[in-house]
Amino acid sequence: MRNFTIDGDAFRLDGEEFRVLSGALHYFRVLPEQWSHRLRMLRAMGLNTVETYVPWDLHEPRKGEFQRLEELAAFLDAAAAEGLLAIVRPGPYICAEWDNGGLPSWLTAELGLRVRTRDAEYLSHVERFFDEVVPLIAERQVTKGGNVIMVQVENEYGSYGSDALYLRHLTDDLIAHGIEVPLATSDGADDFFLTGGAVPGVLATVNFGSGPEAAFAKLREHRPDGPLMCMEFWCGWFDHWGHGHVTRDAADAADTLERILAAGASVNLYMAHGGTNFGTSAGANRVGELADGEYRATTTSYDYDAPIDERGAPTEKFWLFREVLSRYNSDIPDLPPLPETLPATRVPLTGSVGLRDALDQLAGPSVTAALPPSFEDLGLTHGLVLYQVEVPGPRRPYRLRVRGVHDRAHLYVDGEQAAVLERGGEEPVLEVAGPARLEVLVESMGRTNYGPALGERKGLMAPIMHDRQYLHGVTARPVPLRELPALPYGEGLSAAVPALFRGELEVERPADGFLALPGWGKGYVWVNGFLLGRYWDRGPQRTLYVPWPLLRAGANEIVVLELDRVGEPALEIRPAAELG
């Protein structure tokens, strides 16, 4: 058995001074068949450790129903097989630009601002989650013959709260569940963050993208002793729909990495490899000092301008980092072969079906209530909800008010589209006479993952009004976006949006590709029943990454759910990503 300890200002592995050279790679953003390649790329860059979060909502999507726990265990085992140590950050909150910061939507809907506090009911849920997850980590510690050297307590808690009893409880709970390797916290490098997020007796680390000297000096003001470590060196950044693609100069990032290591510190590159926000897992952010301003949803791609790009290829940043890391790690292997890419090709779309015509196959049962139920009230994490309500009559035209849309909606009056509504957008001036049938098809985007807006609900957050009068008696039908059932496609693309469109991609053998939808508006794409994620002509992302494990030799079904506008009658496979 091995040992990893803190000795004064140094880490020690089996008694020898050890520098943690880590990189973030999230098992839930990379398909399991690709883990080995990505882990080998970390080693080839010069890293000796991999770091991952554990998203609670992935593993307990419904209260008391756990799933996919074997993926965490298998990932840690795969890292060990590739010669990498591991840092695990089980939350319970992770941020990570992940939907709701990893907290299940059922949990935040139930408890609101009581999450991330000492609240007894919240802690009972955390205990149940830890009961399932932490033993998998504990049995893979280096002290048990595994590769886990460090476990984090919560995540950047100083950016959120000041409940020291909550952090102490989590610390004690991790220890009670068998964690014996060093625990750590991670926070911004300022008094505000470090006093709120640090735990006495637990290693404190700092997160930053630049200015390592000032960051470590601030850490030393709060912790005169102990190893210096940057738990998140932000070497790139993430993108939001409707905003520019963010990149960072590779030479500047490499210079900052060099300065971190020259200070004698350990480091975790965030991200070493970003991966993809498959399905509806992407989070969102709010701008402003209090993170409660304009809402911005995160893109499907989590490339992060990382040194290893979304499909696992080395970038200029990779080579510069490898050069820096080689001065601190002499055990750097060659790069593994990069998987092939598909040749450029067009994918004709040959069938379509209107969303309304497919509701019986796609939607759950209708619910009728006085006021619009939220997605959470309907037990829906993400997807669509079709709300219906009647305007009484006869009456002359009055102003129709549809407010509180989370996050985007198509409004229909007597079956005809009247407006597209967006969260934070201007409310259209629309007059409707009664009687009339109103339908509002609401689409959710990511839940805010950082700051005080954590735990927001989706759907219609306010009743629809006809002039000053609330319209009561709302019927809501949830449409979860998941593996698709058999649908009644007709020939051609005649179905009016919102609609689903089907085509087949023929491949000689599986390889990576990038799917483009020229002329199409906004929606979702499935490949062989797997939901790749969202697309939006608003950009900056113009292609969706199609990992090779999703494909098979021969015909591969591609389905598009388009909400706004039909584009060209064929999709395109391109050999490279177009991220903006």
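For the structure itself, look to the data block above.
Residues numbered from 1 in each chain as written. Predicted model: local features only at pLDDT ≥ 70, side-chain atom pairs only at ≥ 80, totals over all residues. Heavy atoms only, no water.

K.L.:
Give a detailed account of unusual backbone geometry, specifying residues and quantitative values.
P.N.:
Geometrically, the link from tyrosine 270 to methionine 271 is a cis peptide bond, its omega value of 0 degrees lying close to zero. Counting through the fold element by element, methionine 271 comes out in strand S11 (residues 266-273). Here the amide bond leading from valine 497 into proline 498 is cis, since omega sits at 0 degrees, within 30 degrees of zero. Structurally, proline 498 is set in the loop between strand S25 (490-491) and strand S26 (499-507). (Helix = DSSP H or I, 4+ residues; strand = E, 2+ residues; numbered from the N terminus.)

K.L.:
An account of the sheet that holds strand S5 (residues 49-53) is requested, with residue identities and associated values reported.
P.N.:
Strand order around the closed barrel formed by eight strands is S4-S5-S6-S7-S8-S9-S10-S11, with parallel pairing between neighbours. Along the sheet, successive strands turn relative to each other by an average axial angle of 30 degrees, direction set aside. In the sheet, strand S4 (residues 21-25) pairs with S5 via three bridges, with the strands oriented parallel. Across the sheet, the residue bridging to serine 22 is threonine 49, located in S5. Across the sheet, helix H9 (residues 250-262) lies against S4, strand S9 (203-208), strand S10 (229-234) and S11, angled at about 155 degrees from S11, the strand it touches most. (Pairing = 2+ DSSP bridges. Axes fitted to C-alpha atoms, helices over the stretch in contact; angles between N-to-C directions. Contact = heavy atoms within 4.5 Å.)

K.L.:
So what's going on with helix H1 (residues 35-45)? Which residues, and what values?
P.N.:
With respect to burial, H1 is a largely interior element, nine of its eleven residues being buried. Trp35, His37, Arg38, Leu39, Met41, Leu42, Arg43, Ala44 and Met45 are the residues of H1 that are buried. Following H1 by one or two positions, glycine 46 adopts a phi angle in the positive range, close to 115 degrees. (Buried < 20%, exposed > 50% of the residue type's maximum accessible area, 1.4 Å probe, protein only.)

K.L.:
I'd like to hear about the sheet that holds strand S2 (residues 10-13), residue by residue, with values.
P.N.:
Taken together, the three strands give an open sheet; going across it, the order is S1-S2-S3, and neighbouring strands pair in antiparallel fashion. Pairing within the sheet leaves two strands with one partner each, and these edge strands are strand S1 (4-7) and strand S3 (16-18). Taking the axes of each pair of neighbouring strands and ignoring which way they run, one obtains an average angle of 45 degrees across the sheet. Both S1 and S2 contribute to a ladder of four bridges, which runs antiparallel. Looking across to S2, one finds that phenylalanine 4 is bridged to leucine 13.

K.L.:
Provide a residue-level description of the pattern of salt bridges, including the pertinent values.
P.N.:
In this structure the tally under the stated criterion is 54 salt bridges. Measuring nitrogen to oxygen at the nearest pair gives 3.1 Å for the salt bridge that ties glutamate 51 to arginine 89. Of this pair, glutamate 51 sits in strand S5 while arginine 89 sits in strand S6 (residues 85-89); the two residues are 38 residues apart in sequence, bridging distant segments of the chain. Judged by relative accessible area, arginine 89 falls into the buried class, the value being 0%. (Salt bridge = Lys/Arg side-chain N within 4 Å of Asp/Glu carboxyl O.)

K.L.:
Which residues make up the environment of arginine 457, and what are the values?
P.N.:
Its place among the elements puts arginine 457 in the loop between strand S20 (431-443) and strand S21 (459-460). Placed 124 residues apart in sequence, arginine 457 and proline 333 show a C-alpha to C-alpha distance of 47 Å. For arginine 457, the contacting residues outside a window of four places in its chain are Ala109, Ser374, Glu376, Asp377 and His406. Side-chain polar atoms of arginine 457 contact the side chain of serine 374, separated by 2.9 Å. Reaching out from arginine 457, the side chain makes a polar contact with the side chain of aspartate 377 at a distance of 3.1 Å. (Polar contact = N/O pair within 3.5 Å; in protein donor to acceptor, adjacent residues only side chain to side chain.)

K.L.:
Quick rundown of the pairing of strand S7 (residues 148-152)? Include the residues and the values.
P.N.:
For S7, a buried count of five out of five residues is recorded, marking the element as mostly surrounded by other parts of the structure. When S6 meets S7, the two strands line up parallel, connected through three bridges. Within S7, the residue paired with isoleucine 87 across the bridge is methionine 150.

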